[in-house]
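Chain and residue survey
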Amino acid sequence: GMTLLRVAAGFLLGMAAGTALGVLTAASKAADAFFAPLRGVVKATPVTSFIILVLLWLTASLTPVFIAFLMVLPIAWANVREGVLAVDAQLLEMAEVFQLPRAKKLRHIYLPSVLPQYLAACTTGFGFAWKSGVAAEVIARPALSIGKNLYESKLYLNTEELFAWTAMVILLSMLLERGMVRMMRRIRK
């Protein structure tokens, strides 16, 4: 439960920050140029390096949250940015001609354009958050975590337990992804 809570917190924070940065960098070329190196660094740096660096500044229980956040951020950012940039210019022109309020433009033009890419970012991002969050737990070893149990079963050469925890991670990943896909289908409808 604590592993899922940590991963979900990092996922939600990453999606929120990625959405904000995606909208900002799509709206402003200066912001895009300013933040592009950051996006590149986050995408290129190995997860293990981030985990070790983050452990210097954060507690063991916050490290998986931050790592999940960091892995989801560029995925959400890129997808939202591309979705905003892909909005049909003719629809925006029509909205200007008919003087549609911002709220209606957002609801009827921007959201339908961004939603498919946003939903794809959610499913992909959650998979990355799950794997990186558990990996961070293996290294940080916070209390009440799957990662700590994986590490201890390896440390004490308890092969059966190691396979059981690994099977649990895989099973939970598959179930969570299936649940995420179902939820996305409902949102799309």
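Relevant structure appears above.
Figured I'd write up the structure that's included with this text. Since the structure is predicted, the reported quantities are computational estimates derived from the model, not experimental observations. (Residues numbered from 1 in each chain as written. Predicted model: local features only at pLDDT ≥ 70, side-chain atom pairs only at ≥ 80, totals over all residues. Heavy atoms only, no water.)

So, the overall build of the protein
Looking only at helices and strands, one finds eight helices and zero strands in the protein. Reading the helices (α) and strands (β) of the protein from amino to carboxyl end gives α-α-α-α-α-α-α-α. For the protein, the C-alpha atoms occupy an extent of roughly 70 × 35 × 20 Å along the three principal directions. Burial statistics for the protein: of 189 residues in total, 34% are counted as buried. (Helix = DSSP H or I, 4+ residues; strand = E, 2+ residues; numbered from the N terminus. Buried < 20%, exposed > 50% of the residue type's maximum accessible area, 1.4 Å probe, protein only.)

Remarks on the nonpolar core
F11 and M15 are the most contacted members of the largest nonpolar core, which totals 19 residues. Contributions of two or more residues to this core are made by helix 1 (2-27), helix 4 (63-85), helix 6 (102-140), helix 7 (146-155) and helix 8 (159-188). (Core = buried A, V, L, I, M, F, W, Y, C linked by side-chain atoms within 4.5 Å.)

Some thoughts on a nonpolar patch on the surface
Together, L53, L56, W57, L58, L62 and F66 make up a nonpolar patch on the protein surface, roughly 620 Å² of accessible area in all. Looking at the nonpolar patch, the element that brings in the most residues is helix 3 (residues 47-57), giving three residues. Take L62: it is sitting in the loop between helix 3 and helix 4. (Patch = residues over 30% accessible without salt bridge, like charges linked within 9 Å, V, L, I, M, F, W, Y side chains within 5 Å. Areas by Shrake-Rupley, 256 points an atom, 1.4 Å probe, with all protein chains shown as cover. Salt bridge = Lys/Arg side-chain N within 4 Å of Asp/Glu carboxyl O.)

Considerations on helix 5 (residues 89-97)
The periodicity of an α-helix, 3.6 residues per turn, causes residues three or four places apart in sequence to face the same way. At the N-terminal end of helix 5, a side-chain oxygen is found 3.0 Å from the backbone nitrogen of Q90, two or three residues along, and the residue is D88. Backbone geometry just after helix 5 places Q99 at a positive phi near 50°. (Polar contact = N/O pair within 3.5 Å; in protein donor to acceptor, adjacent residues only side chain to side chain.)

Structural notes on the packing of helix 1 against helix 6
Look at helix 1 against helix 6: their axes get within 9 Å of each other, and the N-to-C directions meet at 135°. Taken together, the axes of helix 1 and helix 6 lie oblique to each other. Judged by the twist between their axes, the crossing of helix 1 over helix 6 is right-handed. Contacts from T3, L4, R6, V7, F11, M15 and T19 in helix 1 reach Y118, A121, C122, G125, F126, A129, W130, G133, V134 and E137 in helix 6. Here the residues of the contact of helix 1 with helix 6 sort into eleven nonpolar, four polar and two charged. (Axes fitted to C-alpha atoms, helices over the stretch in contact; angles between N-to-C directions. Parallel < 35°, antiparallel > 145°, perpendicular 65-115°, else oblique. Left-handed = near helix turned anticlockwise from the far one by under 90°. Contact = heavy atoms within 4.5 Å. Nonpolar A, V, L, I, M, F, W, Y, C, P; charged D, E, K, R; others polar.)

A few points about the side chain of D32
Relative to the assigned elements, D32 resides in helix 2 (residues 29-44). Only 2.9 Å separates the side chain of D32 from the side chain of R81, close enough to count as a polar contact. The contact partners of D32, leaving out residues within four places of it in the chain, are T25, R39 and R81.

Topic: the packing of aromatic side chains
Throughout the structure, instances matching the rule amount to four aromatic pairs. Taken together, a centroid distance of 5.1 Å and an interplanar angle of 85° make the contact between F34 and F35 edge-to-face. The class of F35 is partly exposed, set by a relative accessible area of 21%. Residues F66 and F69 carry aromatic rings whose centres are separated by 5.7 Å and whose planes lie at 40° to one another, so their mutual orientation is tilted. Note that F66 and F69 are positioned in helix 4 at a spacing of three residues, about one turn of the helix. Judged by its relative accessible area of 32%, F66 is partly exposed. For F69, a relative accessible area of 18% puts it in the buried group. What links up through ring pairs into an aromatic cluster is the set F34, F35 and W77. Positioned above the aromatic ring of W77, the side-chain terminus of R39 is 5.0 Å from the ring centre. The ring of Y151 is capped by R141, whose NZ or CZ atom sits 4.5 Å from the centre of that ring. (Phe/Tyr/Trp six-rings, centres within 6.5 Å; stacked < 30°, edge-to-face > 60°. Lys NZ or Arg CZ within 6 Å of the ring centre and 35° of its normal.)

Remember, this is a structural readout, not a statement about activity or role.
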